[in-house]
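Notes for the structure review
So the chains spell out like this:
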Amino acid sequence: MSEREAMDFDVVIVGGGPAGLAAAIRMRQLAPEATVCLIEKGSEIGAHIVSGAVIEPRALEELLPDWRDLDSPIQTAVSEEEMYFLTETKGHRIPALDRVMPHLANHGNYVVSLGEVCRWLATRAEEMGVEIYPGFAGAEVLIENNRVVGVATGDMGITREGEHGPNYAPGMELRAKYTLFAEGCRGSLTKRVMAHYDLRKGVDPQTYGLGVKEVWEIPPEKHRPGLVMHSFGWPLDDRTYGGAWLYHFGENLVSYGFVTGLDYENTWLSPFDEMQRTKLHPVFRPHFEGGRRLIYGARALSEGGLQSIPRLTFPGGALIGDSAGFLNTPKIKGTHTAMKSGMLAAEAVVEALATDRVEPGSFTQRVRTSWLYEELKSARNVRPAFARWGMKAGALYAGFDAMVLRGKAPWTLHFRHSDNETLQPASLSEPISYPKPDGTVTFDKLSSVFLSNTNHAEDQPVHLHVENMPLWKTVNWDVFRSPESRYCPAGVYEVASQETDPRLVINAQNCVHCKTCDIKDPAQNIDWVTPEGGGGPNYPAGM
Amino acid sequence: MKILVPVKRVVDYNIKVRVKSDGTGVETAGLKMSMNPFDEITVEEAVRLREKGAATEVIAVSIGVQQAQDTLRTALAMGADRAILVLSEESPEPLAVAKILKALVEREKPELVFLGKQAIDDDMNATGQMLAGLLGWPQGTFASKVELVDGRLEVAREIDGGTETVSLTLPAIVTADLRLNEPRYASLPNIMKAKKKPMETLQADDLGVDTTRRLTTVSVSEPPTRKAGVKLNSVAELVEKLRNEAKVI
Ligand SMILES: Cc1cc2nc3c(=O)[nH]c(=O)nc-3n(C[C@H](O)[C@H](O)[C@H](O)COP(=O)(O)OP(=O)(O)OC[C@H]3O[C@@H](n4cnc5c(N)ncnc54)[C@H](O)[C@@H]3O)c2cc1C
Ligand code: SF4
């Protein structure tokens, strides 16, 4: 590997989401002479960002107090808010939302395209001297003498067979005193770092959700900027966590999507189809009629909260944002917490730089004494309550927790299972029949994936490693009937010759980098690794 | 031999564009922009000529908005020696581009202007030819192979059903087709180094060129959506459909 070039920085940040960008900006604010390099696997900043998103401006307010004067894409203030419990034909609106579900009260919040917010933050960061390189994935963690000393970007121009193609260009070592992993939910390098330093020792397993999203343009007369709707109940059964969102924002745009808790049990469940069929419900359908669908995408989110946050630091770096799991699940908000964690990590790194410490250890303490910790602490019992007692009882507990306990319960509920352990065999799961797409409001997977603009250079190794194919057959096929062909929102996995000799076909070029297969595969036999940099979705503005 | 390589900033080829709801054009706001793929090919070929010693300098030029400097940075990272940005409106029309390039040719005195055969946004396929006309230079369009032989350029051209080879005296205009080469990656070390390469910025007006639009777009519409196919069960059914529905037999 001696042919790789190397470059030294004070700080290298892997991932250009809200966490990484906030950390980068904070670094330059506090230590203007520090060299900060940020890499992003998407072809540009924002290209891989999928979020709701209703955001709380709290962290941004602290990071860039004058953000309102900086021509930001944060423009649509939340104006109306509705929460529904759905049955198949009816929607029951929850009254007095701000008392029953105060975590969902959104006054002072904004509906945004998080991808656009990231592009805007990146411009601020570059103005402040951060070097940003989109189109380059962190493919390897560099560890020397048990200290993380940076990352290496992936080689380019490797053929499908793993050989050097005619355009082969070796990756580059980005060496740093401190490396911050800001890869978002289920980061592929974060996974390696967690394993190497055993960072998850003594904490609950992480639990995840998969959000599948569409952006629509609707007729102006129907558009109610700032309208925020959520639902729970139908079409999921009581054992399955999840629900839909629908936000009106920007110029006649609607953000719609559906989150399914990845601790679901029924192997026949398809998060994509749950998202599609929920659009047909009378509460949502009118919003889509006369509109046109513009963008499609999907991404997992970390839902475990406080109990599932691993040790945050290790020699040479830290985990920030959704890589660590800082999402506030009852609020379904992780942007402000991701940013705050990035800012606190930057403060810890500045201190470590000054005192030449190996580990930016004060990060953990800074988190503990910040509003971030308070917020996650009071939210900590809600998601596990749903995991234990189901949606209805879980919702009751959430209301009780909010109104009576005010998040100060003297107990902490724990997660007992990883999401890959919850699936029931096909023989014990009840088949689900999803309606056929109608081509106007509901669509099939392939036409959807087309609208993610995803692309991977054709001649490259498959970036979804199935470590053991015979195991796929005995577990995934024989027991669960290939759940990946249903949970993958991009149609990457297909089973050929089902009747005679079932084989798994991997259409890796369709992958939208949601990370669900890495999370949900029952035998943890699928490993998602970074494809050639720049590959993956190209979500445009609005996403 | 100096080579001038014009590069255009266009909507990335992976992006599915959509027509604006008022039908006046294509929505480009907030879309990923990249170098026109045919221009990547010309940058590559020009850099290879320099690496072989056939050329002395490769100058990338882009005509457009400020952000076109990102496109030029890519050209520099791929190996161009320096860059010129001529600021004008977004996506100026071919004749305006050709006139600006003519002015630059007079200033820089290259012996070869190497263009993509067309830009993938408007697919005009006109700039190279117009420039050749304005300069009175020979042109080799749709090149799939370019070689410098005894001071002349041999250009293999893609034509219907085969290739035609023309031999051009220099100075000349060449436009590249898809098969000419497979462009290299702009690698991270080279992107870092490209930051230090020179880039000059000019205004279209400084070159004394009139870029007033002469073309008007009447309307833009999406291609009709293809109807979903149907699966038939027998040949008899197929014949029946072809006869009564499609009315082709
Ligand atoms: C469907 C959905 C709805 C949501 N709704 C809301 C909401 O309404 N409000 C809210 O506040 N939050 C919401 N969230 C949560 C919020 O989006 C996340 O918490 C937040 O984006 C986390 O920020 P991050 O920077 O940690 O990670 P991300 O935003 O995921 O960014 C990580 C970045 O790192 C890049 N990356 C990953 N690995 C590598 C690598 N190896 N090399 C280089 N680059 C890499 C990724 O491409 C990505 O750009 C939602 C999330 C989802 C999925
Ligand atoms: S292959 Fe895996 S990461 Fe890619 S879209 Fe499918 S489930 Fe998501």
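Residues numbered from 1 in each chain as written. Chains lettered and ligands numbered in written order. Predicted model: local features only at pLDDT ≥ 70, side-chain atom pairs only at ≥ 80, totals over all residues. Heavy atoms only, no water.

- Naming follows an unreviewed UniProt entry, where chain B appears as Electron transfer flavoprotein subunit beta of Acetobacter oeni.
- UniProt annotates chain B under Cofactor (unreviewed entry) with the comment "AMP".
- Per its UniProt entry, chain B bears the Subunit (unreviewed entry) comment "Heterodimer of an alpha and a beta subunit." (UniProt positions renumbered as here; feature names shortened; annotations may be inferred.)

- In the nomenclature of an unreviewed UniProt entry, chain A is known as Electron transfer flavoprotein-ubiquinone oxidoreductase of Acetobacter oeni.
- One UniProt comment on chain A, placed under Subcellular location (unreviewed entry), says "Membrane".

1. A look at the overall build of chain A
- The helix and strand inventory of chain A stands at 15 helices and 24 strands.
- A compact globule built from 543 residues would reach a C-alpha radius of gyration of about 24 Å, and chain A, at 22 Å, matches this within 12%.
- Each principal axis of the C-alpha atoms in chain A carries an extent, and together these give about 60 × 60 × 50 Å.
- Within chain A, the proportion of its 543 residues that are buried is 65%.
- Entry remark: accessible area of chain A is about 20100 Å², with carbon and sulfur atoms responsible for 52%.
- Seen as two clouds, the 53 positive and the 68 negative side-chain charges of chain A have centres 7 Å apart. (Helix = DSSP H or I, 4+ residues; strand = E, 2+ residues; numbered from the N terminus. Rg over C-alpha atoms; globule rule 2.2 N^0.38 Å. Buried < 20%, exposed > 50% of the residue type's maximum accessible area, 1.4 Å probe, protein only. Areas by Shrake-Rupley, 256 points an atom, 1.4 Å probe, with all protein chains shown as cover. Lys, Arg positive; Asp, Glu negative; His and termini not counted. Charge placed at Lys NZ, Arg CZ, Asp CG, Glu CD.)

2. A few points about the environment of A:Ala354
- Within the element layout of this structure, A:Ala354 appears in helix 8 (residues 335-355).
- For A:Ala354 and A:Ile74, which are 280 residues apart along the polypeptide, the C-alpha to C-alpha distance reads 35 Å.

3. Some details on the UniProt feature "domain: Sigma-54 factor interaction" (unreviewed entry) in chain B
- With numbering aligned to this structure, UniProt lists the feature "domain: Sigma-54 factor interaction" (unreviewed entry) at residues 58-227 of chain B.
- In this annotation, residues 58-227 of chain B is assigned 25% helix and 32% strand; the end-to-end C-alpha distance for the span is 49 Å.

4. Quick look at the environment of B:Phe114
Residues and elements named next belong to chain B.
- Positionally, Phe114 belongs in strand 6 (residues 112-116).
- When the C-alpha atoms of Phe114 and Ala46 are compared, they prove to be 7.6 Å apart, with 68 residues separating the residues in sequence.
- Discounting residues that sit within four places of it in the chain, Phe114 has contacts with Ile3, Leu4, Val5, Pro6, Thr42, Glu45, Ala46, Leu49, Val146, Val174, Ala176 and Leu180. (Contact = heavy atoms within 4.5 Å.)

5. Let's talk about the environment of B:Ala75
Residue and element names in this part refer to chain B.
- Note that Ala75 resides in helix 2 (residues 68-78).
- The spatial distance from the C-alpha of Ala75 to the C-alpha of Arg213 is 28 Å, given a sequence separation of 138 residues.
- Ignoring any residue separated from it by four or fewer positions in sequence, one finds Ala75 in contact with Met35, Val43, Ala60 and Ala80.

6. Looking at the side chain of A:Glu484
Residues and elements named next belong to chain A.
- Among the secondary structure elements, Glu484 is positioned in helix 14 (residues 484-487).
- No salt bridge forms around the buried Glu484; measuring N to O, its nearest opposite-charge neighbour Arg486 is 7.1 Å away.
- Ignoring any residue separated from it by four or fewer positions in sequence, one finds Glu484 in contact with Trp472, Asn476, Tyr493, Leu504 and Asp521. (Salt bridge = Lys/Arg side-chain N within 4 Å of Asp/Glu carboxyl O.)

7. Side note on the sheet that holds strand 6 of chain B
All names here are of chain B.
- Taken in spatial order, the nine strands of this open sheet run 9-8-7-10-6-1-4-5-11, and their pairing is mixed. Where the open sheet ends on each side, the last strands, each with one partner, are strand 9 (162-169) and strand 11 (199-203). Across this sheet, the average inter-strand angle for adjacent strands is 30°, counted without regard to direction.
- For strand 7 (residues 139-149) and strand 8 (residues 152-159), the ladder comprises six bridges, and the chain directions are antiparallel. Counterpart to Val146 in the pairing with strand 8 is Val155.
- Strands in contact with helix 1 (residues 37-51) are strand 1 (2-6), strand 4 (57-64), strand 6, strand 7 and strand 10 (172-176); relative to strand 6, the strand with the most contacts, it is inclined by about 145°.
- Packed onto the sheet, helix 2 meets strand 4, strand 5 (82-87) and strand 11 and runs at close to 165° relative to strand 5. (Pairing = 2+ DSSP bridges. Axes fitted to C-alpha atoms, helices over the stretch in contact; angles between N-to-C directions.)

8. What to know about the site of ligand 1
All names here are of chain A.
- By nearness alone, 40 residues border ligand 1, and Glu40, Ser51, Val54, Gly138 and Asp322 come closest of all.
- With respect to ligand 1, the side chain of His48 contributes an N or O atom lying 3.5 Å from an oxygen atom.
- In this structure, a nitrogen atom belonging to ligand 1 sits 2.8 Å away from a main-chain N or O atom of Gly138.
- A total of 1000 Å² of accessible area belongs to ligand 1 in isolation, and the protein chains cover 97% of it.
- Breaking the shell around ligand 1 down by element, the ones donating at least two residues are helix 1 (18-30), strand 2 (36-40), strand 3 (54-55), strand 16 (242-249), strand 18 (292-302) and helix 8. (Near = heavy atom within 4 Å. Polar contact = N/O pair within 3.5 Å; in protein donor to acceptor, adjacent residues only side chain to side chain.)

9. Describing the pattern of salt bridges
- Tallied over the full model, the rule gives 54 salt bridges over all chains.
- Between A:Glu127 and A:Arg124 there is a salt bridge, with its nearest N and O atoms 3.0 Å apart. One end of the pair is A:Glu127 and the other is A:Arg124, both in helix 4 (residues 114-127) and three residues apart, which spans about a single turn.
- With a closest N to O distance of 2.8 Å, B:Glu44 and B:Arg184 form a salt bridge. Here the residue B:Glu44 occupies a position in helix 1, and B:Arg184 occupies one in the loop between strand 10 and helix 5 (188-194), the gap between them amounting to 140 residues.
- Residue classification places B:Glu44 among the buried positions, given a relative accessible area of 2%.
- The exposure class of B:Arg184 is partly exposed, given its relative accessible area of 25%.
- One salt-bridge network, in which partners are shared between bridges, spans B:Lys2, B:Glu57, B:Arg82, B:Arg107, B:Glu108 and B:Glu200.

10. Let's talk about the nonpolar core
Residue and element names in this part refer to chain A.
- Phe181 and Phe363 are the most contacted members of the largest nonpolar core, which has 85 residues in total.
- In terms of residue count, the dominant contributor to this core is helix 8 (ten residues).
- Not counting chain neighbours up to four residues away, the residues in contact with Phe363 comprise Leu312, Thr313, Ala318, Leu319, Ile320, Phe326, Ser341, Leu344, Ala345 and Ala348. (Core = buried A, V, L, I, M, F, W, Y, C linked by side-chain atoms within 4.5 Å.)

11. Topic: the packing of aromatic side chains
All names here are of chain A.
- Counted under the stated rule, the structure contains 14 aromatic pairs over all chains.
- Taking the centre distance of 5.1 Å and the plane angle of 65° together, the rings of Tyr241 and Phe386 count as edge-to-face. In this pair, Tyr241 sits in the loop between strand 15 (227-233) and strand 16 while Phe386 sits in helix 11 (residues 382-405), placing the two residues 145 residues apart along the sequence. Across this residue pair, the class does not change: Tyr241 and Phe386 are buried.
- Three or more aromatic residues link up through ring pairs in this structure, and these residues are Trp216, Tyr256, Phe284, Phe288 and Phe443.
- Directly above the aromatic system of Phe288 lies the positively charged group of Lys279, at a separation of 5.9 Å from the ring centroid.
- Positioned above the aromatic ring of Phe443 is the side chain of Arg293, whose terminal nitrogen or guanidinium carbon lies 3.9 Å from the ring centre. (Phe/Tyr/Trp six-rings, centres within 6.5 Å; stacked < 30°, edge-to-face > 60°. Lys NZ or Arg CZ within 6 Å of the ring centre and 35° of its normal.)

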